[in-house]
Amino acid sequence: MLSNNYLSKLDIKKILLKNLNSITGSQAEQESQIMISYLSKSENNLDINNSEIDKELINKILNERVKGKPLAKIINEKGFWKKVFYTDDYTLDPRADSELLVEQLLIDYKKNNQKHLKLLDLCCGTGCLGISIIDELDNAFCDFIDVSEHALTACKKNIIKFKQQQKTKIFHSNLFENYPINRLRNIDFIVCNPPYIPTRNYLNLNKETLHDPRISLDGGKLGMDYYVKIINFLISLKFKGVVYFEIDPIITKNMYKFLLEKGVKIVYKKTDYLNLDRLIKIKFPTI
Ligand SMILES: C[S@@+](CC[C@H](N)C(=O)[O-])C[C@H]1O[C@@H](n2cnc3c(N)ncnc32)[C@H](O)[C@@H]1O
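> What is the right way to look at helix H10 (residues 225-237) in this model?
Each α-helix turn comprises 3.6 residues. Residues three or four places apart therefore point the same way. The first and last C-alpha atoms of H10 sit 19 Å apart over 13 residues, in line with the 18 Å expected at 1.5 Å per residue. Three or more residues of H10 are buried, namely Tyr 227, Ile 230, Ile 231, Leu 234 and Leu 237. Summarising the axial view, the buried residues of H10 lie within an arc of 125°, below the 170-degree limit, and thus occupy one face. Every exposed residue of H10 that faces more than 90 degrees away from the buried side is listed here: Lys 229 and Ser 236. Contacts from the buried residues of H10 go to strand S3 (117-122), helix H8 (181-185), strand S6 (189-192), strand S7 (242-246), helix H11 (252-262) and strand S9 (277-283).

Put into structure tokens, the structure is as follows:
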């Protein structure tokens, strides 16, 4: 670990890499950069003046990381899309996979940038999806729903951090339970990354993933519980907007079968950077 106060930035990096290699493998380089940036409170670690780095704190972080706690859960932040979001023990750390939802939505709506768009980020966690989207669409407004009050506290922190108070509203609700129905009827699109890990798989997840709250991951017996509830509700409402769901190869077979049975139209599906099923955009029957 780090003991000498006169170590250069390069020395610090070497020590970090040596310690991180055994636990994070190919991620070691990236994590060491994030740590150095975090500790020097700089967005760009190339500009760091070595004297700015707090060696005591870096030792503390490294100790926790070596014990297997994810870096985002130690430093309470995680980069997503174009921003660094606050995250904590009560939220799912934003994942790079989910950036596909932001990217695709922006492709669909950036050309309509003048139109007032009403978005709902359902199962919002940190709010990383909704915040990233409205940040790039001048006239878009976003409601956020989560059942976890703690997650909503984190979401609020991010809304304030990125100065989006004027374009956002938070609802504490079990799915649509406490969300005004007339408000829902006026939503143009819902973006949703629900818990979707089948319970059996949840119990076998790796130790690092288990630092995320179970309520953000466990999607019931087949991983379909949330999709089924959400889709059935929107069908009964004859919802006119579209839904962008994050999905996973683990549930796609059951998902497509369910959508077919319900007469729900798949507008398109997309795969992520690993070529895995990751996104579906759907529309509901209106008659
Ligand atoms: C997979 S996480 C997604 C978080 C965030 N949207 C993201 O993409 O990083 C799922 C979220 O759903 C929330 N959640 C679980 N059950 C819920 C329910 N019944 N109603 C609303 N939100 C729920 C969890 O608290 C968690 O924040």
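What follows continues from the structure just given.
> I tried to follow the site of the ligand on my own but got confused; where do I start?
What surrounds the ligand is a group of 18 residues, the closest being Cys 123, Asp 146, Asn 174, Leu 175 and Asn 193. Between the ligand and Val 147 there is a distance of 3.2 Å, counted from a nitrogen atom to a backbone nitrogen or oxygen. The contact in question runs from a nitrogen atom of the ligand to an N or O atom on the side chain of Tyr 226, over 3.1 Å. Across the complex, the protein chains shield 97% of the 600 Å² of accessible surface that the ligand would expose by itself.

> Would you mind going over the nonpolar core with me for this structure?
Soluble, globular proteins show a tendency: their nonpolar side chains are buried together. In terms of nonpolar packing, the biggest core is built from 35 residues, with Leu 122, Leu 184, Ile 190, Ile 231, Phe 245 and Met 255 touching the most fellow members. Broken down by secondary-structure element, the contributors of at least two residues to this core are S3, S6, H10, S7, H11 and S9. Here the element with the most residues in this core is H10; it accounts for five residues. Ignoring any residue separated from it by four or fewer positions in sequence, one finds Ile 190 in contact with Leu 120, Leu 122, Phe 176, Leu 184, Leu 234, Phe 239, Val 242, Val 243 and Tyr 244. Phe 80, Phe 85, Cys 124 and Val 191 belong to the second largest nonpolar core, which has 30 residues in total.

> I'm lost on the domain arrangement of the chain in this one. Help?
Frequently, the measure chosen for interface size is the accessible area removed from exposure when the parts meet. In terms of domains, the chain is made up of domain 1 (9-68) and domain 2 (80-283). When each unit is reduced to the centre of its C-alpha atoms, the spacing between domain 1 and domain 2 is 32 Å.

> Even after reading the chapter, I still don't get the packing of helix H2 (residues 28-39) against helix H3 (residues 55-66), so can you show me in this structure?
Packed helices, taken two at a time, are described by their axes: the angle between them and the distance between them. Here H2 crosses H3 at 145°, and the two axes come no closer than 10 Å. Crossing hand, H2 versus H3: right-handed. Across the interface between the two elements, Glu 31, Met 35, Tyr 38 and Leu 39 from H2 touch Leu 57, Ile 58, Ile 61, Leu 62 and Arg 65 from H3. Taken together, the residues that form the contact of H2 with H3 break down as seven nonpolar, no polar and two charged.

> I tried to follow the environment of Ile 251 on my own but got confused; where do I start?
Position of Ile 251 among the secondary structure elements: in the loop between S7 and H11. By relative accessible area, Ile 251 is classed as buried at 0%. Put simply, Ile 251 and Leu 117 are 134 residues apart on the chain and 30 Å apart in space, counted from C-alpha to C-alpha.

> Looking at this structure, I do not really get the pattern of salt bridges. What am I missing?
One side chain can pair with another of opposite charge once the charged atoms of both are near each other. Applying the stated criterion across every chain yields a total of 17 salt bridges. Among the salt bridges present, the one from Lys 73 reaches Asp 212, with a minimum N-O distance of 2.8 Å. On the criterion of sequence distance, the pair formed by Lys 73 in helix H4 (residues 71-75) and Asp 212 in the loop between helix H9 (199-202) and H10 is long-range, its members being 139 residues apart. Its relative accessible area of 3% is what places Lys 73 among the buried residues. Take Asp 212: its relative accessible area is 4%, and that puts it in the buried class. Here Lys 281 and Asp 108 are joined by a salt bridge, their closest N and O atoms 3.0 Å apart.

> Explanation requested: the packing of helix H5 (residues 99-109) against helix H6 (residues 128-136) in the structure shown.
Orientation of H5 relative to H6, taken along the N-to-C sense of each, is 30°, at an axis distance of 10 Å. In terms of their interaxial angle, H5 and H6 are classed as roughly parallel. Crossing of H5 over H6 shows right-handed handedness. Where H5 abuts H6, its residues Leu 101, Val 102, Leu 105 and Leu 106 lie against Leu 129, Ser 132, Ile 133 and Glu 136. Of the residues in the contact of H5 with H6, the class split is six nonpolar, one polar and one charged.

> Would you take a moment to explain the side chain of Ser 173 for this structure?
Counting through the fold element by element, Ser 173 comes out in the loop between strand S5 (168-172) and H8. Polar side-chain contacts of Ser 173 include one of 3.3 Å to the backbone nitrogen of Glu 177. In this structure, Ser 173 is in contact with Ile 145, Asp 146, Val 147, Asn 178 and Tyr 179, ignoring residues within four places of it in sequence.

Procedures and definitions
Residues numbered from 1 in each chain as written. Predicted model: local features only at pLDDT ≥ 70, side-chain atom pairs only at ≥ 80, totals over all residues. Heavy atoms only, no water. Helix = DSSP H or I, 4+ residues; strand = E, 2+ residues; numbered from the N terminus. Expected span 1.5 Å × (residues − 1). Buried < 20%, exposed > 50% of the residue type's maximum accessible area, 1.4 Å probe, protein only. Arc of directions from axis to C-beta. Contact = heavy atoms within 4.5 Å. Near = heavy atom within 4 Å. Polar contact = N/O pair within 3.5 Å; in protein donor to acceptor, adjacent residues only side chain to side chain. Areas by Shrake-Rupley, 256 points an atom, 1.4 Å probe, with all protein chains shown as cover. Core = buried A, V, L, I, M, F, W, Y, C linked by side-chain atoms within 4.5 Å. Domains from an automatic or database assignment. Axes fitted to C-alpha atoms, helices over the stretch in contact; angles between N-to-C directions. Left-handed = near helix turned anticlockwise from the far one by under 90°. Nonpolar A, V, L, I, M, F, W, Y, C, P; charged D, E, K, R; others polar. Salt bridge = Lys/Arg side-chain N within 4 Å of Asp/Glu carboxyl O. Parallel < 35°, antiparallel > 145°, perpendicular 65-115°, else oblique.

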